[in-house]
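Residue strings, one per chain:
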Amino acid sequence: MTDHTYRVAEIVGTSSESMNQAIDNGISRACSTLRHVDWFEVTQVRGHVEDGRVAHYQVGLKVGFRIEE
């Protein structure tokens with residue numbers, strides 16, 4: 001395995017369905033604009049409440065992508 005150097009971007013994924021979908025949405029978008037995305041870390045979980053129910057999920061993510069050689 002080769003040693004790698006990474007940059008880290010902080011993003012927020014959102015979804016009205018679930019936390020998992022918010023993560024998937026954030027990672028999908030990051031992968032469409034960044035090359036060599038290798039890992040992520042969930043740093044925050046929050047949401048929006050309407051009428052006593054969860055209406056929207058927000059998940060803070062750190063996304064690691066390899067710096068090109």
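See above for the structure.
Okay, so let's go over this structure. Small disclaimer: the values here were computed from a predicted structure and weren't measured. (Residues numbered from 1 in each chain as written. Predicted model: local features only at pLDDT ≥ 70, side-chain atom pairs only at ≥ 80, totals over all residues. Heavy atoms only, no water.)

A side chain of one charge can pair with a side chain of the opposite charge when the charged atoms of the two come close. Inspection of the entire model under this criterion finds 2 salt bridges. A salt bridge links R35 to E68, with the shortest nitrogen-to-oxygen separation between them at 2.8 Å. In this pair, R35 is assigned in the loop between α1 (19-33) and β2 (37-50) and E68 in the segment after β3 (53-66), connecting sequence segments 33 residues apart. Residue classification places R35 among the exposed residues on the basis of a relative accessible area of 56%. (Salt bridge = Lys/Arg side-chain N within 4 Å of Asp/Glu carboxyl O. Helix = DSSP H or I, 4+ residues; strand = E, 2+ residues; numbered from the N terminus. Buried < 20%, exposed > 50% of the residue type's maximum accessible area, 1.4 Å probe, protein only.)

With that settled, the discussion passes to a nonpolar patch on the surface. A cluster of nonpolar side chains, namely M19, F40, V42 and V45, defines an oily patch on the protein surface of about 340 Å² accessible area. Sorting elements by how many residues they give to the nonpolar patch places β2 first, with 3 residues. As for its position among the elements, V45 is in strand β2. (Patch = residues over 30% accessible without salt bridge, like charges linked within 9 Å, V, L, I, M, F, W, Y side chains within 5 Å. Areas by Shrake-Rupley, 256 points an atom, 1.4 Å probe, with all protein chains shown as cover.)

The 3 strands lie next to each other as β1-β3-β2, forming an open sheet whose pairing is antiparallel. The outermost strands of the open sheet, each flanked by one partner alone, are β1 (6-15) and β2. Averaged over neighbouring strand pairs, the angle between their axes works out to 15 degrees when direction is ignored. Strand direction decides the pairing type here: β1 and β3, joined by 10 bridges, are antiparallel. Within β3, the position partnered with V12 by the bridge is G60. (Pairing = 2+ DSSP bridges. Axes fitted to C-alpha atoms, helices over the stretch in contact; angles between N-to-C directions.)

This next bit is on the side chain of S15. Summarising the element assignment, S15 is placed in strand β1. In this structure the side chain of S15 is engaged in a polar contact, spanning 2.8 Å, whose partner is the backbone nitrogen of E17. Excluding residues within four positions of it along the chain, S15 makes contact with Q21, A22, N25, H56 and Y57. (Polar contact = N/O pair within 3.5 Å; in protein donor to acceptor, adjacent residues only side chain to side chain. Contact = heavy atoms within 4.5 Å.)

Turning next to the packing of aromatic side chains. If you walk through the whole model with that rule in mind, you get 1 aromatic pair. Ring centres of Y6 and W39 lie 6.3 Å apart, and the angle between their planes is 65 degrees; this geometry places the pair in the edge-to-face category. Taken together, the residues Y6 in strand β1 and W39 in strand β2 connect sequence positions 33 residues apart. Given the relative accessible area of 32%, Y6 is considered partly exposed. (Phe/Tyr/Trp six-rings, centres within 6.5 Å; stacked < 30°, edge-to-face > 60°.)

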